[in-house]
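# An overview of the molecular structure
Here is what each chain is made of, one letter per residue.
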Amino acid sequence: MSTPAPLASGPQGTDALRPLLDTVLDALDEGGRARRGPLPPGGPAAVAAKVRHTLGDALPDHGDPDALHTLVRLLAETATDPADPLCAAHLHGPPLATATAADLAASALNPSLDSWDQAPGASELEALVTAALAHQVYGDPPTPAPDALITTGGTESNQLALLLAREAHGAGLRLVHGANAHHSLPRAAWLLGLPDPVAVPAPAGTLDPAALDDALTRLPGPHLVAATAGTTDAGLIDPLPEIAARCAAHGARLHIDAAYGAGLLFSDRHRHRLTGLHAAHTVTLDLHKLGWQPVAAGLLAVRDPHDLDALHHRADYLNAHDDTEAGLPDLLGRSLRTSRRPDALKIAVTLRTLGRHGLGRLVDQVCDTAHHFAALVHDHPGFELHQPPTISTVLFRPAHAPDTAVAAVRRTLLTDGHAVLGRARADGRLWLKATLLNPRTRPDHLARLLKLVEGNTPG
């Protein structure tokens, strides 16, 4: 009995995929050329109408053999392309081709890392990759060696960090975080039923150690302090050594959200900015930011691997006692998820292909690009620079423009499909945000971006 469509793996899998890959690549090319910019013009209503018209019936009675080409072309034409130099709004970087190709193999073979018999090689690969990245965070391993879990990104990593802290210190654990912290941290406290978190002032955009010391002194413990290495709004890094010292003095547990900043570990020029990272009990990393991975590629590094014992769970069909006693690895405690993609593969391919120095060069390039852009803004009489970049984020605004004009120019550029800039509030004002994660962005692209903002700012 024949199947209505070929499978991606098995004896004929590669033969089935080859012509489909040509179809996908042709459709990506056609859609990108039809878009003619970093995002489709027309705004939400126009994009929605285009998608509805092209898709038609989402579940027709009879299939369309051209659906792959039609819908991939549609996706490309209506996408926001993070590889376009004028797409610079979010911590959403362009993925490396080698990582994307590796992701195809992961999808074709479809291992699921909830039991060894579904992912024999992938499970060992994941263990080796996570150990290597934990070593980057914590240095020469103590005994027992630090570990890391692969997650869907910074939000899941932060939630896991709070869960592990709660299991170690009890349900009365109080989260103390900077006012600059990512929204996922207080949200995780709510999800886990912890006491209301306490936000410590961050008057210069980074957590104030003196205010932290005061909070830890007056608040009953136990405490989990969450610091940030790479804020979402401006890419700022909290004073990690001072924060670690205050935590040690008060017996507080420390988590560092380095979803953005952890990529600096690859750079010999910039890794010193993360001094103090190794003092954290847990650290969030996110390699679909400064790691150029397809989403998702998050990690949570753990200094003491025994903290992960809290995630142990028994499901007889996945990790029966007699199977684990016979030597089959138990994978269920490596995540709160059951079915899991082998996201370690694309990370492993990237690490092996580029090495730390190759990734470090990419990090250096985007940091240099940010400093170049900041200099252009600073030297232009029509713009105001918030401050020099810490990593690769630049906040700027048209000089003397009200907040309404700053918001309007961003929306105009989005609606016209010309550029994608973010927005951030700092010092009580609204700023345009350029998050520069594309190592191929050139000075002429940056000059064009400023010209677009200048030419579209309401008078």
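Residues numbered from 1 in each chain as written. Predicted model: local features only at pLDDT ≥ 70, side-chain atom pairs only at ≥ 80, totals over all residues. Heavy atoms only, no water.

### Details of the packing of helix 5 (residues 120–138) against helix 12 (residues 344–379)
- In the contact formed by helix 5 and helix 12, the axes pass within 9 Å of each other and the chain directions differ by 55 degrees. The angle between the axes of helix 5 and helix 12 places the two elements in the oblique class. As for how helix 5 packs across helix 12, the hand of that crossing is left-handed. On the side of helix 5, the interface is formed by Leu 125, Glu 126, Val 129, Leu 133 and Gln 136, while helix 12 contributes Ala 344, Leu 345, Ile 347, Ala 348, Leu 351 and Arg 356. (Axes fitted to C-alpha atoms, helices over the stretch in contact; angles between N-to-C directions. Helix = DSSP H or I, 4+ residues; strand = E, 2+ residues; numbered from the N terminus. Parallel < 35°, antiparallel > 145°, perpendicular 65-115°, else oblique. Left-handed = near helix turned anticlockwise from the far one by under 90°. Contact = heavy atoms within 4.5 Å.)

### Description of the nonpolar core
- If you look at the biggest cluster of nonpolar residues, it comprises 57 residues, and the most contacted ones within it are Val 225, Leu 254, Ile 256, Leu 277 and Val 283.
- Here this core gets 8 residues from one element, more than from any other, and that element is helix 12.
- For Leu 277, the contacting residues outside a window of four places in its chain are Val 137, Leu 240, Ile 256, Ala 258, Leu 265 and Val 283.
- In terms of nonpolar packing, the next biggest core, distinct from the first, is built from 27 residues, Phe 373, Leu 432, Ala 434 and Val 453 among them. (Core = buried A, V, L, I, M, F, W, Y, C linked by side-chain atoms within 4.5 Å. Buried < 20%, exposed > 50% of the residue type's maximum accessible area, 1.4 Å probe, protein only.)

### Here we look at the sheet that holds strand 6 (residues 253–257)
- Here we have 7 strands laid out as an open sheet, ordered 2-8-7-6-5-3-4, and mixed in their pairing. On the outer flanks of this sheet lie strand 2 (147–151) and strand 4 (198–200), each paired with one strand and no other. Ignoring strand direction, the axes of neighbouring strands in this sheet form an average angle of 20 degrees.
- As paired strands, strand 5 (residues 223–228) and strand 6 are joined by 5 bridges and run parallel to one another. Its bridge partner being in strand 6, Ala 226 is matched across the sheet by His 255.
- Contacting strand 3 (174–178), strand 5 and strand 6, helix 7 (residues 184–191) runs over the sheet at an angle of about 170 degrees to strand 3.
- Contacts between helix 9 (residues 240–250) and the sheet are confined to strand 5 and strand 6, with strand 5 contributing the most and set at about 175 degrees to the helix. (Pairing = 2+ DSSP bridges.)

The quantities given are spatial measurements derived from coordinates; they are silent on function.
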